[in-house]
Amino acid sequence: MSLIALGLNHQSTPLALREKVALDAGQLPAALASLRQLAGVEEAAVLSTCNRTEIYAQVEDGAEAALARWLGDRHGVAGSALDNYLYLHHDGDAVRHLFRVATGLDSLILGEPQILGQVKEAWQAAREAGSLRNPLDRLFQQTFAVAKRVRTDTRIGAHPVSVAFAAVRLARQMFSELDRATVLLIGAGDTIELAARHLADANAKRLLVANRTLEHAQALASRHGGYALPLAELERHLPEADIVISATASREPILSRDMVGAALRQRRHRPMFLLDLAVPRDIAADVAELKDAYLYTIDDLEQVIEENRASRREAAQQAEAIIELQVEHYLAWWRAQGRQDALKKLRAHGESTRNELLAQARSQLAAGEDAGAVLDLLAHQLTNKLLHAPSIALRQAALTGDADLLRAAERLFDDNDDHAQSAP
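Not measured: the values here are computed from a predicted model. (Residues numbered from 1 in each chain as written. Predicted model: local features only at pLDDT ≥ 70, side-chain atom pairs only at ≥ 80, totals over all residues. Heavy atoms only, no water.)

(A) Quick peek at the sheet that holds strand β9 (residues 272-276). Taken together, six strands build an open sheet; the order of strands is β7-β6-β5-β8-β9-β10 and the sheet is parallel. Looking at the sheet topology across the chains shown, the edges are occupied by β7 (227-230) and β10 (293-297). Mean inter-strand twist for the sheet, computed between neighbouring axes without regard to direction, equals 20°. Judged from the four bridges that link them, strand β5 (residues 182-186) and strand β8 (residues 243-246) form a sheet pairing that is parallel. The residue bridging Leu184 from the neighbouring strand is Val244, located in β8. The sheet contacts of helix α9 (residues 190-201) involve β5, β6 (206-211) and β8, and relative to β5 the element is tilted by about 165°. Across the sheet, helix α10 (residues 214-223) is in contact with β6 and β7; its angle to β7 comes to roughly 170°. (Pairing = 2+ DSSP bridges. Helix = DSSP H or I, 4+ residues; strand = E, 2+ residues; numbered from the N terminus. Axes fitted to C-alpha atoms, helices over the stretch in contact; angles between N-to-C directions. Contact = heavy atoms within 4.5 Å.)

(B) Molecular detail of the side chain of Ser107. Relative to the elements of secondary structure, Ser107 occurs in the loop between α5 (91-102) and α6 (114-128). The class for Ser107 is buried, based on a relative accessible area of 10%. There is a polar contact of 3.3 Å between the side chain of Ser107 and the side chain of Glu112. Once residues lying within four places of it in the same chain are set aside, the contact partners of Ser107 are His10, Arg52, Val101, Glu112 and Ile115. (Buried < 20%, exposed > 50% of the residue type's maximum accessible area, 1.4 Å probe, protein only. Polar contact = N/O pair within 3.5 Å; in protein donor to acceptor, adjacent residues only side chain to side chain.)

(C) Expanded view of the side chain of Glu193. Considering the arrangement of structural elements, one finds Glu193 in helix α9. With residues up to four places along the chain from it excluded, the contact list for Glu193 reads Leu220, Arg223 and His224.

The following block contains the structure:
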């Protein structure tokens, strides 16, 4: 049995493929149920964000290939298309990977805090779907403790950087005077909330917030001095926007080339800066072909983000040291569980043998057989049955030179002798 982490992310995989395998919250219950039906999968959780889709699972040896096929088949992606991008981590490497993901060390933006909330949502979804057992459930809970310790003991979060921050930073490079720009925000989740906060701090002239649920848009707009509108009115207000920042959970593009082209004509071809932070994308890729549209995706933020990485690298080294220690702590617990399983099997075998032979002895006594003979037979059979498998294993170890097993047996019986001699 192995713990694994299998997936793809922004470091290994282009956006066009990441968006094909992305899962939103509404798709997770069915996906988790489907995963648990795969042969050899004991438990599983799925983490899917704009930068990664990953499966964490406890599996029997050889089940990894089935998980990779599941990921491709479920999203209509040929296995060969995924082969060059998927990564697979086992046991300690899988534990380390999850710790690094949750602490932001594996993020596009080093140390970004939102990923921890997304990991918690993945854990909660797996719990509600009944796809977690003790090893993976404990791993996630220890992950949260590790992330908290990294935040407390290092300065990984001392210089706030997020996708939203980088997006506004890029917008300021395109529009040096944000106090003269109208910004249209599409969505009302955490990323858009952070973007609104940064834009308000930068004194953006006007904020429009469009969302499918108007109440959510109104709540966000009221916190940052913006104007809320339903998504149905998006096309009518689009020409007002100098800057568009979008981050929704839509499975299909919200802004098409025709919509943006019509808006640009109404703007008399004044440029429009569009930043799509969603995966799958909210803005059709061919919008970039329009003469006065400047479309950027989440993968275009790399240069802006690199400027903010240097201040976090020393803290990241400290975080890696904390993670290495915690990986060993978890693996020690996990290995102990395996030993406990072996002990439980041994005890269960002994109890089953005892009950079987005791029932047989009682039947013989009830039939009037001599009690002394029945007890002698019971003791003889119980000894033979309990020692049969260990005797064969030790005999084979002696023949093959398995010194480890022989030494373990010697330690076991030496300990038993010591306990017997010290007993009152």
